[in-house]
Structure formats: structure tokens, C-alpha cells
Amino acid sequence: MSLMEECRKSVSRALEIGQIGDRQRMVLLTALGVALYSIGPKPETKSAWTDVLRIAEALDDDDFRLRALWGLWVVGVTGGKQRPALALARKFANLAAKKKDDVASLMGERLIGTSLHFLGENGKGQQYI
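All residue numbers here refer to positions counted from 1 along the written sequence of the relevant chain. At least 70 in pLDDT is required for a residue's local features to be given in this predicted model, at least 80 for side-chain atom pairs to be given and counted, and no such filter applies to totals for whole chains, interfaces and linings, which use all residues. Just so you know, side-chain values use all the structure's heavy atoms and leave hydrogens and water out.

**Q** Explain the overall build of the protein here, please?
**A** Comment: elements are numbered from the N terminus, with helices defined as DSSP H or I runs of at least four residues and strands as E runs of at least two. Check the secondary structure of the protein and you find 7 helices and 0 strands. Ordered by position in the sequence, the α and β elements of the protein form the string α-α-α-α-α-α-α. Taking 2.2 N^0.38 as the reference for a compact globule, 129 residues should give roughly 14 Å; the C-alpha atoms of the protein span a radius of gyration of 15 Å, in line with that estimate. Considered along the principal axes of its C-alpha atoms, the protein spans approximately 50 × 30 × 20 Å. Within the protein, buried positions represent 40% of all 129 residues. A total accessible area of about 7,500 Å² is found for the protein, and carbon and sulfur atoms account for 54% of it. Put simply, the radius of gyration uses C-alpha atoms, and a globule should come to 2.2 Å times the residue count raised to 0.38. Throughout this description, buried means an accessible area under 20% of the type-specific maximum (1.4 Å probe, protein chains only), exposed means over 50%, and partly exposed covers the range between. In this description, accessible areas are obtained by the Shrake-Rupley approach with a 1.4 Å probe, and a residue is regarded as covered only by the protein chains that are shown.

**Q** So what exactly am I meant to see when it comes to the packing of aromatic side chains here?
**A** Each pair of aromatic rings is reported with the distance of its centres and the angle of its planes. Whether two aromatic rings pair depends on their centres lying within 6.5 Å, for rings of Phe, Tyr and Trp, where Trp uses its six-membered ring; planes under 30 degrees apart make the pair stacked, over 60 edge-to-face, and the rest tilted. For the coordinates displayed, the defined rule picks out 2 aromatic pairs. Aromatic side chains Y37 and W70 sit 5.5 Å apart centroid to centroid with 70° between the ring planes, which places their arrangement in the edge-to-face category. Separated by 33 residues along the polypeptide, Y37 in helix α2 (residues 22–39) and W70 in helix α4 (residues 62–78) bring together distant segments of the chain. Between W49 and W70 the ring centres are 5.9 Å apart and the planes differ by 90°, which places this aromatic pair in the edge-to-face class. Taken together, the residues W49 in helix α3 (residues 43–59) and W70 in helix α4 connect sequence positions 21 residues apart. Taken individually, W49 and W70 each receive the classification buried, so the pair is uniform in this respect. In textbook terms, an aromatic cluster arises when at least three aromatic residues are bridged by ring pairs, as seen for Y37, W49 and W70. Positioned above the aromatic ring of F64 is the side chain of R67, whose terminal nitrogen or guanidinium carbon lies 4.4 Å from the ring centre. By definition, being over a ring means that NZ of Lys or CZ of Arg is both within 6 Å of the ring centre and within 35 degrees of the ring normal.

**Q** So what exactly am I meant to see when it comes to the nonpolar core here?
**A** The nonpolar side chains of a soluble globular protein tend to be buried, and buried together. Nine residue types can take part in a nonpolar core, namely buried Ala, Val, Leu, Ile, Met, Phe, Trp, Tyr and Cys, and a core is a set of them joined through side-chain atoms within 4.5 Å. Membership of the largest hydrophobic core comes to 33 residues, with the highest contact counts inside it found for L29, L32, V52, W70, W73 and F92. Those elements that provide at least two residues to this core are α1 (2–17), α2, α3, α4, α5 (82–99) and α6 (102–118). Considering every element that reaches this core, the biggest residue donor is α4, with 9 residues. Other than its neighbours up to four places away in sequence, L29 contacts L15, A48, D51, V52 and I55. Throughout, a contact is declared for two residues whenever any of their heavy atoms are within 4.5 Å.

**Q** In this structure, what is going on with unusual backbone geometry? I would like to understand it.
**A** Backbone phi values are negative for most residues with the exception of glycine, while trans is the configuration of most peptide bonds. Its identity as a non-glycine residue notwithstanding, D60 has a phi of 55°, on the positive side. For D60, the position within the fold is in the loop between α3 and α4. Despite not being glycine, K100 shows a phi value in the positive range, around 60°. Counting through the fold element by element, K100 comes out in the loop between α5 and α6.

Below is the structure:
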């Protein structure tokens, strides 16, 4: 855990410099989102992933869109926002299918299944998992 806290501090310092391009900012925010997720739920986690998604969309970067959707899904699931998390899981799965990324597609199905499980729809969820 201490290494993740060190990562969070270092990434935060790098982001404060401000002399970085959008792609570097997106990569740093992704590292920040992962570090914050690993340390425990924090309000700034959603903000980091939202910024990653915004930049990924501006850069038309599907790989980072997927990462951001996953991060926002985690925020929703761990924050008790199951319906919005399910919507994010479906967006993730649709994007993965569009990219024809088999690994991401399987992950998207797992996200949908997990969301359905948390919503009490275990039969439907099991079909995805």
C-alpha cells in the first residue's frame, strides 16, 4: 500500500507541473486512478477517471476509453451506484466489440455480469460470467 501512496504523490506532483501534453496527462491520470483505486475509495478517483475519458475521447483513443470506462465502473460498483455501473459496463462491452478486442470483450461481459449480480439479477449475471 505504501508504494501506491508514493505513486499517488509522484503522479500528483507531475500533474501539477502543467507543462505536459494531453496524452501524457491522460497516462498520468490513469496511473493516478489506479493508485487511488488501490489505496481505497476517494472522491478524486471519479474525477481522475472522468478526465481520462474526456481526454481519450478528444484523442480518439479507444484503449484509454476502455481503461476510463473500467475505472468509472469500479467507482460506481464500489460506491453503490449499481445501475450507472451497469450502463458503463455495457459501454465498455460495446466498445470492446467494436474494436474486435477479444480480451476486452470477455472483460466487458464480466463487468456486466458482476453489475447484474450486485443488482440481484443473478440468473442474468451468470450468463455473462
